[in-house]
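# Chains, contacts and geometry: an overview
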Amino acid sequence: MKTRLVQKGDFTMVEDIHDTLTPPESGFYWIDADVDDLVLLQPLFHLHDLAVEDCLSEEEQRPTLEIYDTHYFIVLNSIRFDDEEIFLRALNIFLGKHYIITVTRQKIQELRAIKPQLWNEEVNSPDRFLYHLVDLVIDNYVSVGDRIEDKIEKLEEDILMNTKKSHLNEIIGLRGEILWLKKMLVPQRDVVATLNRKELRLIDNQLQKYFDDIHDNAVKIVDTFDTLRDLMGNLREAYQASVANRANEIMRIFTALTTIFMPLTFVTGLFGMNFTNVLGILEIPHADIYIFGLMGILGLCMFILFRKKGWI
């Protein structure tokens, strides 16, 4: 657990957690904790039992905003995409009048990225800290959405160039993750909408217009992932069409080869009959060479004919 006094973007480490119980003359306290630290933090800040229970739960958390007497409890999902799998990590936030507590199970990129932003913006209140943190979380979804779209375009190109069975597994896996992510985006959008529209005493009224901009981005993100879901459906259809075309191409080649060998089979069958003499031809010197030459010419002529017609 790290405890910092934030004054106009400047950080001062606080050694004794009990010092954070008294509001500072200027700025606010930021307590960056993990779930195990809640045993200490809950009685000190009178954190609500239900909120602490949600933080400790091993189950997947849905974004939410709960309003209690002395603090708000907010759950957001930070997104991470490593080109193979999408991860959502719960970011639990307790917002008080002079403090903000962030509680996580794993390291979250936005908590590292926010530090220089606090310094640049000279942030001096917990509600403005909350604004910048939510903004970073939502912006990260935009970045991930762009990367997923690039992955879909590359996958489509690979399918059209060289269809593989592994492509179907990639399509099914990515589409399932997008659908799962879409279910989480809607409640997160609603949380941002609440921060934007509802009268919240711990958030400055002047700050709500900034949350309105974040809400617009959250709505666009939901629409973006709707589009990505549709693209995955189109990609699956393209894969199936490519497989069908490939099967048709193989069947066409096999049919052409079979047709080419049909007259050759007839010739070999004719001269392979168990007769002493077949039409008197076998008595001609080097008759076998003539027969093989005839077979070669027939096969070549049919190949050229099929090639001209574009059948092979």
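Read on for a plain summary of the structure.

Procedures and definitions
Residues numbered from 1 in each chain as written. Predicted model: local features only at pLDDT ≥ 70, side-chain atom pairs only at ≥ 80, totals over all residues. Heavy atoms only, no water. 1 Å grid on protein atoms, 1.4 Å probe; cavity = no way out; pocket = protein on both sides within 12 Å on 5 of 7 lines; lining within 4 Å. Points joined across faces, edges and corners; volume = space filled by probe spheres on them. Helix = DSSP H or I, 4+ residues; strand = E, 2+ residues; numbered from the N terminus. Nonpolar A, V, L, I, M, F, W, Y, C, P; charged D, E, K, R; others polar. Pairing = 2+ DSSP bridges. Axes fitted to C-alpha atoms, helices over the stretch in contact; angles between N-to-C directions. Contact = heavy atoms within 4.5 Å.

Unfilled space is identified by rolling a water-sized probe across the atoms. Summed over all chains, the structure comprises one cavity of 30 Å³ or more. Of the volumes computed, that of the largest cavity is approximately 40 Å³. Along its surface, the largest cavity is lined by Ile138, Tyr141, Leu185, Gln188, Arg189, Ala218, Ile221 and Val222. Every element with two or more residues in the lining of the largest cavity is listed here: helix H4 (126-161), helix H5 (165-197) and helix H6 (208-271). Of the residues that constitute the lining of the largest cavity, the class distribution is six nonpolar, one polar and one charged.

Here the focus is the sheet that holds strand E1 (residues 2-7). Strand order in the open sheet formed by seven strands is E2-E1-E3-E7-E6-E5-E4, and the pairing between neighbours is mixed. The open sheet has two edge strands, strand E2 (10-13) and strand E4 (64-67), and neither has a second partner. In this sheet, neighbouring strand axes are inclined to one another by 25° on average, regardless of whether the strands run parallel or antiparallel. In terms of strand pairing, strand E6 (residues 86-95) meets strand E7 (residues 99-104) through four bridges, oriented antiparallel. Bridging from a neighbouring strand, Ile93 pairs with Thr102 of E7. In this fold helix H3 (residues 109-121) packs onto E1, E2, strand E3 (28-34), strand E5 (72-81), E6 and E7, with an angle of close to 165° to the strand it touches most, E3. Against the sheet, H4 touches E3, E5, E6 and E7, its axis set at about 30° to E5.

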